[in-house]
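Survey of secondary and tertiary structure
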Amino acid sequence: MAKMFVAGEFRDAKSGEVTEIRNPATGEVVDTVPKGNAEDVRDAVAAAAEAFGVWSRMSTTKRGELLQGAVRLVRENEKELSTTLTKEQGKPIRESFLEIRRFAHTLEHYAGMAKTLRGGYVNLDDGRYGFILKKPMGVVGAIVPWNFPVSLMGNKVGPALLAGNTMVIKPASSTPLTASRCVELIHRAGLPKGVINIVTGPGGVVGEEILQNPKIRKIGFTGETGTGKHVMEVAAKEIKRVTLELGGSDPMIVCDDADLDRAVSAASVGRFFNCGQACLAVKRLYLFDKIADTFMERLTAKVNKLRIGDGIKRETLLGPLHTKGQREEVEEMVADAVKRGAKVLTGRKRPQGPEFDKGFFLQPTLLADVDPDARMVVEECFGPALPILRVKNLDEAIEQANRSIFGLGSSVWTRDIDRAMRAAEQIEAGYTWVNSAQIIYDELPFGGVKQSGLGREHGNENNDYYTETKSIVVAIEKRSEVVGGE
Ligand code: NAD
């Protein structure tokens, strides 16, 4: 039985209750975890508050060294971590390895900044000195979704710990196992007890206490836009800082002069990686009329080769959806698009056979000529189904791309630099990839505009979201003119 990790030790829930974690591919119980409640969170917050004194006073270099140690431990255990991740989340094992490596990379990226974190100095009038300090905030809460349970936790852990904050983490209720093990490994790198804590349990109970607890000064949240609005509302009562990484409906625009082979590959990976359950997945594909038929033909051929199956098998490229409800929602969105006249190019059905019976599998689905008002275009379609729309030119493509409440990622494919720059400037999104697959870099800030979020993760910018900026003015007593020879 898995445990939560609080104050440097494994713990059961105060209530003694547990939750079963099931494999989305087989329905089998992978493990059980404690069903924490508000009291468990309060204990974790108390431990984190106590640890703050020691941790925040430790030199940044030392904190960076300890984080480097954590990176080594994560890498040494990547096989075990990846296997657990596939079992609890459903993703293909090769994608689990990528996620664990991404997590280690993110921690390493922030650990490497230990020597370069800086504040500022300003020479003020009247001989006064101005200093700008970057101070840790205190106890920060991290709330993480189920689609990338480990890497999205890393985006918060890296900058939060480097800056000297202590943490209480809440993983998604259905994916607590790998995250808890990672927290244990980070602690084992030599962190004082209570610096990093993880409390497992329902969002409405454990998550809610993190939002409300007055000792928590900042919340790093990743999840749905609806939940994000609630986070902001509750956080407002105490003027807590929030970073919100929310839903997206990323447009991909393919112009008539694009390298079609590379674009086809990017569309396939972009939509079907993690079974389509990624915030920055390609969720709307806009094709110039001239290349639309050829593109759809090539994409269909590529997508038909995706091997569906239990993610634990090496050959699997497309695992199950994470939950029954998730699959039903995608099926409903596809049905809605078909009802409005969309043509099914491939997919739509549940794969048949004994190996698929107990899992939440769905064939990768491509839909052509989708109505711009269809649910899967307007809402966030979080699964393996891609709506394709034809456009006459770049202006129409940009106009359609911006017809969304979301603004997370986006991509444009063209060999014309003027077109590329126009799209990159005009698309309302936090990120635009030009002739590139939608891949995240720790080196660049990432986050949404409009209802896709608030604040940024990754990049140097992420450090600003885990520190308070404080100004100090020092007045030096006026000295008389320095006399020569003194
Ligand atoms: P979700 O909002 O349902 O849950 C996210 C987390 O919030 C979970 O840990 C959940 O337990 C917790 N939670 C739920 N109710 C809560 C409450 N009342 N108080 C506090 N916490 C609560 O999201 P999900 O379904 O797990 O994740 C999928 C969503 O996340 C998608 O919309 C996706 O686009 C988005 N996402 C965004 C990014 C990004 O960086 N922008 C990255 C990944 C996923």
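The structure this text deals with has already been given above.
Residues numbered from 1 in each chain as written. Predicted model: local features only at pLDDT ≥ 70, side-chain atom pairs only at ≥ 80, totals over all residues. Heavy atoms only, no water.

1. Details of the sheet that holds strand β15 (residues 365-368)
For the record, the criterion: For two strands to be treated as a pair, DSSP must find no fewer than two bridges joining them. Only DSSP runs of H or I reaching four residues or more are called helices, and only runs of E reaching two or more are called strands; each is numbered from the N terminus. Between two residues, a contact is recorded if the distance between any of their heavy atoms is within 4.5 Å. Only the stretch in contact is used when fitting a helix axis, every axis being a line fitted to C-alpha atoms; angles between N-to-C directions are given from 0 to 180 degrees.
Ordered by their spatial adjacency, 7 strands build an open sheet running β14-β15-β16-β13-β12-β17-β18, and the pairing between neighbours is mixed. A strand with exactly one partner marks an edge of an open sheet, and here the two such strands are β14 (343-346) and β18 (433-434). Relative to the sheet, helix α9 (residues 260-272) contacts β12 (250-254), β13 (282-288), β15, β16 (385-391) and β17 (411-413), its axis offset from that of β12 by approximately 165°. Together, β12, β13, β14, β15 and β16 form the strand contacts of helix α10 (residues 289-303), whose direction differs from that of β13 by roughly 140°.

2. Observations regarding helix α7 (residues 203-212)
For an α-helix the count is 3.6 residues per turn, leaving residues at separations of three or four pointing the same way. The criterion, for reference: Each residue gets one of three labels from its accessible area relative to the maximum for its type: buried under 20%, exposed over 50%, partly exposed in between, using a 1.4 Å probe on protein chains only.
Here α7 has its buried residues at Val206, Gly207, Glu208, Glu209, Ile210 and Leu211. Where the residues of α7 are buried, they touch α1 (38-57), β7 (139-143), β8 (166-170), β10 (216-222) and α8 (225-236).

3. A few points about the sheet that holds strand β6 (residues 128-136)
Spatial ordering of the open sheet is given by β5-β6-β20, a layout of 3 strands whose pairing is antiparallel. Of all the strands in the sheet, the pair left with one neighbour each is β5 (120-123) and β20 (467-475). Neighbour-to-neighbour, the strand axes of this sheet turn through a mean angle of 20°, independent of strand direction. Bridge count for β5 against β6 is 4 bridges, and the pairing is antiparallel. Following the sheet pairing, Tyr121 is matched in β6 by Phe131.

4. Quick notes on the nonpolar core
Spelled out, the test is: Take the buried residues of types Ala, Val, Leu, Ile, Met, Phe, Trp, Tyr and Cys, join any two whose side-chain atoms come within 4.5 Å, and each joined set is a nonpolar core.
Core analysis: the biggest nonpolar cluster contains 54 residues, and Ile253, Val254, Phe295, Leu299 and Met376 have the highest contact counts within it. Those residues in contact with Leu299 that lie beyond four places of it in its chain are Val264, Ala267, Ser268, Leu285, Leu366, Leu386 and Ile388.

5. Considerations on the pairing of strand β11 (residues 241-245)
Defined as follows: Handedness of a crossover is defined as follows: orient the strands so they point away from the viewer, and if the path from the first strand over the helix to the second runs clockwise, the crossover is right-handed.
Counting buried residues along β11, 4 of its 5 residues qualify, which places the element largely inside the surrounding structure. In this structure, β10 lies alongside β11, joined through 5 bridges in parallel fashion. Residue pairing in the sheet places Phe221 in a bridge with Leu244 of β11. Handedness of the crossover joining β10 and β11 through α8 is recorded here as right-handed. With 2 bridges joining them, β11 and strand β19 (residues 453-454) adopt antiparallel strand pairing. Considered in β19, the bridge of Leu244 is made with Leu454.

6. Brief notes about a positive patch on the surface
Stated precisely, the cut-off is as follows: Each patch is built from residues that are more than 30% exposed by relative accessible area and take part in no salt bridge. Like charges join if they lie within 9 Å; nonpolar side chains (Val, Leu, Ile, Met, Phe, Trp, Tyr) join within 5 Å. Note on areas: these come from Shrake-Rupley sampling with a 1.4 Å probe, and a residue is covered only by the protein chains present in the view. Salt bridge, as applied in this entry: a Lys or Arg side-chain nitrogen positioned within 4 Å of an Asp or Glu carboxyl oxygen. We count Lys and Arg on the positive side and Asp and Glu on the negative side, and we leave His and both chain ends out. Note on charges: their place is set at NZ of Lys, CZ of Arg, CG of Asp or CD of Glu.
Taken together, the side chains of Lys79, Arg94, Arg307 and Arg314 make up a positively charged region of the molecular surface. Looking at the secondary structure, you find Lys79 in helix α3 (residues 78-89). For Lys79, a relative accessible area of 61% corresponds to the exposed category.

7. What to know about the side chain of Asn213
Rule in force here: The definition of a polar contact used here is a pair of N or O atoms within 3.5 Å, where within protein one atom must be able to donate a hydrogen and the other to accept one, and adjacent residues in sequence count solely through side-chain atom pairs.
Tracing the chain through its elements places Asn213 in the loop between α7 and β10. For Asn213, a relative accessible area of 7% gives the class buried. At a separation of 2.9 Å, a polar atom in the side chain of Asn213 contacts the main-chain amide nitrogen of Lys215. In contact with Asn213, other than residues within four places in its own chain, are Arg42, Val45 and Lys240.

8. Section: empty space enclosed by the protein
This is how the line gets drawn: Cavity means a closed set of points on a 1 Å grid over the protein atoms alone, one where a 1.4 Å probe fits but cannot get out, pocket means an open set with protein on both sides within 12 Å along at least 5 of 7 lines, and lining means a residue has an atom within 4 Å of a point. Grid points are joined across faces, edges and corners, and a volume is the space filled by probe spheres set on the points. When residues are sorted by character, Ala, Val, Leu, Ile, Met, Phe, Trp, Tyr, Cys and Pro go into the nonpolar class, Asp, Glu, Lys and Arg into the charged class, and all the rest, Gly among them, into the polar class.
Scanning the model with the defined rule gives 1 cavity of 30 Å³ or more in all. Along its surface, the largest cavity is lined by 14 residues, and Pro251, Arg284, Phe406, Gly407 and Glu428 are the ones closest to its centre. When the residues that make up the lining of the largest cavity are grouped by side-chain class, the tally is 6 nonpolar, 5 polar and 3 charged.

9. Some thoughts on the site of the ligand
Cut-off, in case you're wondering: Only heavy atoms are used to decide nearness, and a residue is near a molecule or strand if one of them lies within 4 Å of it.
The immediate surroundings of the ligand are formed by 28 residues, with Val144, Thr227, Leu246, Cys279 and Glu380 found nearest. Within the side chain of Trp146, a nitrogen or oxygen atom sits 3.0 Å from an oxygen atom of the ligand. In this structure, an oxygen atom belonging to the ligand sits 2.9 Å away from a main-chain N or O atom of Glu224. When the ligand sits alone it has 850 Å² of accessible area, and the protein chains cover 90% of it. For the shell around the ligand, the secondary-structure elements that each account for two or more residues are α7, β10 and α8. Ranked by residue count, the leading element in the shell around the ligand is α7, at 4 residues. Of the residues contributing to the shell around the ligand, the split by class is 14 nonpolar, 9 polar and 5 charged.

10. Re the pattern of salt bridges
Applying the stated criterion across every chain, the model contains 33 salt bridges. For Asp369, the salt bridge is made with Arg390, and the minimal N-O distance between the two is 2.8 Å. Placement of the pair is Asp369 in the loop between β15 and α12 (375-378) and Arg390 in strand β16, with a sequence separation of 21 residues. Classification of Asp369 by relative accessible area gives partly exposed; the value is 37%. A cluster of three or more residues bridged by salt bridges with shared partners is formed by Glu80, Arg181, Glu184 and Arg188.

11. Considering α1
For clarity, the threshold we go by: A helix's residues, less one, multiplied by 1.5 Å, set its expected span. The reported bend at a residue is simply the angle between two axes, fitted to the 7 residues ending at it and to the 7 residues beginning with it.
For α1, spanning 20 residues, the distance from its first C-alpha to its last is 29 Å, which sits close to the expected 28 Å at 1.5 Å a residue. At Ala51, α1 shows its largest bend, some 40°. Those residues of α1 not exposed but buried are Ala38, Asp40, Val41, Ala44, Val45, Ala47, Ala48, Ala51, Gly53 and Trp55. Taking the backbone nitrogen of Glu39 as reference, a side-chain oxygen 3.0 Å away marks Asn37 as the first, capping residue of α1.

12. Brief notes about unusual backbone geometry
Despite not being glycine, Cys275 shows a phi value in the positive range, around 55°. Along the polypeptide, Cys275 turns up in the loop between α9 and β13. Positive phi, close to 65°, is recorded for His458, a residue that is not glycine. Looking at where His458 falls in the secondary structure, it is placed in the loop between β19 and α15 (461-464). With relative accessibility at 3%, the residue His458 sits in the buried group.

The values are spatial; any link to function lies outside them.
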